[in-house]
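Below are the chains, spelled out letter by letter.
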Amino acid sequence: MIKLSEAFKAFTKIITACLKGKLFKLNFAITYRCNLHCNMCNIWKCYVEKPWMVEEELKMEELHQIFKGFGKFVWISLTGGEPFLRDDLVDIVHSVKDNCRVKMLNITTNGFNSKLIEDRVRDIAEARVPLTFINVSLDGPAQIHDYMRGVKGAYNNAIKTLGMLRMFSDEHSNLSIGFEYTITSFNAGYLKLLIDELTKAELSWLLENLTINLYHEGNLYKNLDLNSKQQVANNRFKFKALKDIDDGLDLIHVRSPLELISRKYLKCAQKYVLDEPVSLRCTALRNSLFLDPYGAVYPCIILGHKIGNLRNYNYDVYELLKSENALKVKYEIKNCNRCWTPCEAYPSILTHLSSLIKACE
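Okay, so let's go over this structure. (Residues numbered from 1 in each chain as written. Predicted model: local features only at pLDDT ≥ 70, side-chain atom pairs only at ≥ 80, totals over all residues. Heavy atoms only, no water.)

**As for the pattern of salt bridges**
According to the stated counting rule, one finds 13 salt bridges in the structure shown. In this structure, E6 and K9 form a salt bridge, with 3.9 Å as the shortest nitrogen-oxygen distance. Highlighted residues: E6 and K9, both in helix α1 (residues 4-19), separated by 3 residues, approximately one helical turn. The partly exposed category is assigned to K9, whose relative accessible area is 47%. (Salt bridge = Lys/Arg side-chain N within 4 Å of Asp/Glu carboxyl O. Helix = DSSP H or I, 4+ residues; strand = E, 2+ residues; numbered from the N terminus. Buried < 20%, exposed > 50% of the residue type's maximum accessible area, 1.4 Å probe, protein only.)

Next comes the structure, spelled out in structure tokens:
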């Protein structure tokens, strides 16, 4: 169980960074390798179509330089692809801890390769990042989840992985295990059935760490051929998505800053689904940014506005952010309200809270 004191420490450091206008979060896709064939994401096609590109991913010695350049940092989220397919994942975590001294680390996994994940999470927990979150994707009951993930047995493997990870979370106070449910037109309205299935499997403890995500098309997902706006405009989808959000809200009892943020996210998600203004300024490129596996920096996981490549800036992110193109992109996205994905929404919520604190000073 995550220590509440560590959550408050991380929260305080994030608020301080917000008030000073500093970067505090990095979303980093460490690889585009993936072992599932999800129908709402095309990342898995990247190395099917261009297998040689895997050799272009950032090497460990390059990552050391990048993390050293960040200096003290608060929050890093590692994603993919399937991040556990990267052989040096544990080394990446240790580099993040040693060079950035991060307080929060998120890793999202599809949970398919249980043995591989088990071996690596054990070592990741030993790195002792104060708040380490491993989230396994679960998008509905078995049949729905397998359909969405494109591989039979994906659900059973994810459940097996979650059961195994619980043992590690019992042994390590810095480790929190949860699951992530992405609402799409394929599974909207199925969250309650998933909750019932998890309860039957004696996995109800997972409900304390639930992340609900709204499907988007975007740069990270390589799915710009899909149309989330058309999906959200469908009244039947809206009704089912709002039901999922309500079911999610019923599970969240605010006892920590993290739960406060989760609840605020879902409240705003209701507005997003109803096509109402969320009215929270996005922090992309001011307090957070996205790094792809090849060193390219973007404002966020959604927009395809490439700022530049760290390989061309001696791996110095702050030098890149001074570039003319970075300033141009920052101006272009100043009032962006295109998405409500947790990767970008959570930092926005935190920035909003910091603004309220500043106004009270």
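**Some thoughts on a negative patch on the surface**
A contiguous patch of negative charge on the surface is contributed by D123, E126, D170 and E171. Among the secondary structure elements, those contributing two or more residues to the negative patch are α5 (114-126) and α7 (154-171). According to the relative accessible area criterion, D123 is partly exposed, its value standing at 37%. (Patch = residues over 30% accessible without salt bridge, like charges linked within 9 Å, V, L, I, M, F, W, Y side chains within 5 Å. Areas by Shrake-Rupley, 256 points an atom, 1.4 Å probe, with all protein chains shown as cover. Lys, Arg positive; Asp, Glu negative; His and termini not counted. Charge placed at Lys NZ, Arg CZ, Asp CG, Glu CD.)

**Quick look at the sheet that holds strand β6 (residues 210-214)**
Each strand in a sheet pairs with its neighbour through backbone hydrogen bonds, running either in the same direction (parallel) or in the opposite one (antiparallel). Strand order across the open sheet formed by 9 strands is β6-β5-β4-β3-β2-β1-β7-β8-β9, with mixed pairing between neighbours. The outermost strands of the open sheet, each flanked by one partner alone, are β6 and β9 (308-309). Bridge count between strand β5 (residues 175-183) and β6: 5 bridges; the pairing is parallel. Across the sheet, residue F179 finds its bridge partner in β6, namely L210. This element, helix α11 (residues 257-273), spans β3 (104-109), β4 (131-137) and β6 of the sheet and lies at about 25° to β6. (Pairing = 2+ DSSP bridges. Contact = heavy atoms within 4.5 Å. Axes fitted to C-alpha atoms, helices over the stretch in contact; angles between N-to-C directions.)

**Focus on α7**
For α7, built from 18 residues, the straight-helix expectation of 26 Å at 1.5 Å per residue is met to within 8% by its first-to-last C-alpha distance of 26 Å. What α7 keeps buried is the set A154, Y155, A158, I159, T161, L162, M164, L165, F168 and S169. For α7, the secondary structure elements touched by its buried residues are α5, β4, α6 (142-149), β5 and α8 (191-200). (Expected span 1.5 Å × (residues − 1).)

The analysis is restricted to geometry; functional conclusions fall outside its scope.
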